[in-house]
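As a plain string of letters, each chain reads:
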Amino acid sequence: MKKQAKWMTLLGLASVLALSACSSGGSNNQQTSDGKNADSFGKQVKYEIIGIDPGAGIMKATSKAIEEYGLSDWKLIEGSGAAMTATLAKDIKNKKPVVITGWTPHWMFSKYDLKYLDDPKKVYGEAEEIHTIARKGLKDYDPTAYTFLDRFEWTSDEMGEIMTAIEEGAKPEDAAKKWADEHADRVNEWTKDLKPVDGKPLKLSYVAWDSEIASTHLLQYVLQEKLGYKVTALQVEAGPMWTGVANGDVDATAAAWLPLTHADYMAKYKDKVDDLGANMTGVKTGLVVPSYVDISSIEDLKK
């Protein structure tokens, strides 16, 4: 009996020691008393910022932000707009933290509760504008197209209607047609007193961002259905988009983000293109997180 009692005592002691080890550092994923993960925010997201295509201006700005804010442990993940929003959707569904490169207007701000991280160093600048850029000589060669493109301007809310429709499954061309039919007064402002042409070719280019897909398909629809053009819309990267207009291979693009996102291209090609001005104002770029994430500034990424 004494041996049995001694054996039971040893087993009890071993159990206590094992439980103690598990509760005091046996896991790298410690929790606070309120049940929240005690790991730093950076560790929770593997020090990754989910980006888009490498040629985008927001990627250059984010690389600069990593340097300016001393985020030496962080990596900017290249991909595409679709891959970025897919990651965002998955992490929000699982209530996980995530950091993405974001911009407004974008349908994700309507679908999810998101917030921009404060940028006290102003790496991403103030609010931007989306400009329409035309090739040199278009004004003389095709004054009808030039005048229409020069008149074209709208709001982020108006663009958001098309973006949301596309995100919900509508084809871009169908979403553009629906918007134009429902906003005939706006379309008439852009086309007033312009004489339609008979199948004259016109070439537009745009980057594969949800905002630019929306605007370019709307322009294509109006130019074709209201003004008689035969429009080719080329989806390309930012570099070829600007180069095409500068070289005269493309007539115009309504997808130039200025003064920051496409600053390098404007500096390079400003003497080779015509800037028709902003077709949308008050747009924004920066780092974006779900609202449930308990950080508010890019500086918080260092914690």
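Residues numbered from 1 in each chain as written. Predicted model: local features only at pLDDT ≥ 70, side-chain atom pairs only at ≥ 80, totals over all residues. Heavy atoms only, no water.

Caption draft 1: Just the overall build of the protein, in detail. When helices and strands are counted, the protein shows 13 helices and nine strands. Across the protein, contacts joining residues at least 24 apart in sequence account for 79% of those joining residues at least 6 apart. Split by element, the accessible area of the protein, about 15,700 Å² in all, is 50% carbon and sulfur. (Helix = DSSP H or I, 4+ residues; strand = E, 2+ residues; numbered from the N terminus. Contact = heavy atoms within 4.5 Å. Areas by Shrake-Rupley, 256 points an atom, 1.4 Å probe, with all protein chains shown as cover.)

Caption draft 2: Region of the structure containing the environment of Ile 58. Here Ile 58 lies in helix α3 (residues 57-68). For the pair Ile 58 and Thr 285, spaced 227 residues apart in sequence, the C-alpha separation works out to 6.9 Å. Residues contacting Ile 58, with those up to four places away along its chain left out, are Ile 52, Thr 101, Gly 102, Trp 103, Tyr 124, Thr 261, Thr 285 and Gly 286.

Caption draft 3: Spotlight on the packing of aromatic side chains. Going through the model one piece at a time under the given rule, you end up with 10 aromatic pairs. Summarising the aromatic geometry, the rings of Phe 152 and Trp 190 are spaced 4.9 Å apart at their centres and angled 75° between planes, so their arrangement reads as edge-to-face. Linking Phe 152 in the loop between α7 (143-151) and α8 (156-167) with Trp 190 in helix α10 (residues 184-191), this pair joins segments that are 38 residues apart in sequence. Neither Phe 152 nor Trp 190 differs from the other in exposure class; each is buried. Here Trp 154 and Trp 179 contribute two aromatic rings whose centre-to-centre distance is 5.5 Å and whose plane-to-plane angle is 85°, an arrangement assigned as edge-to-face. (Phe/Tyr/Trp six-rings, centres within 6.5 Å; stacked < 30°, edge-to-face > 60°. Buried < 20%, exposed > 50% of the residue type's maximum accessible area, 1.4 Å probe, protein only.)

Caption draft 4: Spatial organisation of the side chain of Ser 297. Mapped onto the secondary structure, Ser 297 falls in the segment after β9 (273-290). Among the polar contacts listed, one links the side chain of Ser 297 to the backbone nitrogen of Glu 299, at a separation of 3.1 Å. Every residue in contact with Ser 297, bar those within four places of it in the chain, is listed here: Leu 117, Asp 118 and Pro 120. (Polar contact = N/O pair within 3.5 Å; in protein donor to acceptor, adjacent residues only side chain to side chain.)

Caption draft 5: Molecular detail of the pairing of strand β8 (residues 252-258). By the criterion of burial, β8 is predominantly enclosed, with seven of the seven residues buried. Pairing of strand β5 (residues 128-135) with β8, which is carried by five bridges, proceeds in the antiparallel orientation. The partner of His 131 across the bridge, within β8, is Ala 256. (Pairing = 2+ DSSP bridges.)

Caption draft 6: Layout of the nonpolar core. Grouped together as the largest cluster of nonpolar side chains are 90 residues, with contacts concentrated most on Phe 148, Trp 154, Leu 218, Trp 242 and Leu 301. If we ignore the near neighbours within four places in the chain, the residues touching Trp 242 are Ile 133, Ala 256, Leu 258, His 262, Tyr 265, Met 266, Tyr 269 and Val 273. (Core = buried A, V, L, I, M, F, W, Y, C linked by side-chain atoms within 4.5 Å.)

Caption draft 7: Seen up close, the environment of Glu 212. As for its placement among the helices and strands, Glu 212 is situated in helix α11 (residues 210-225). Considering only alpha carbons, one finds Glu 212 and Ala 255, 43 residues apart in sequence, at a separation of 5.8 Å.

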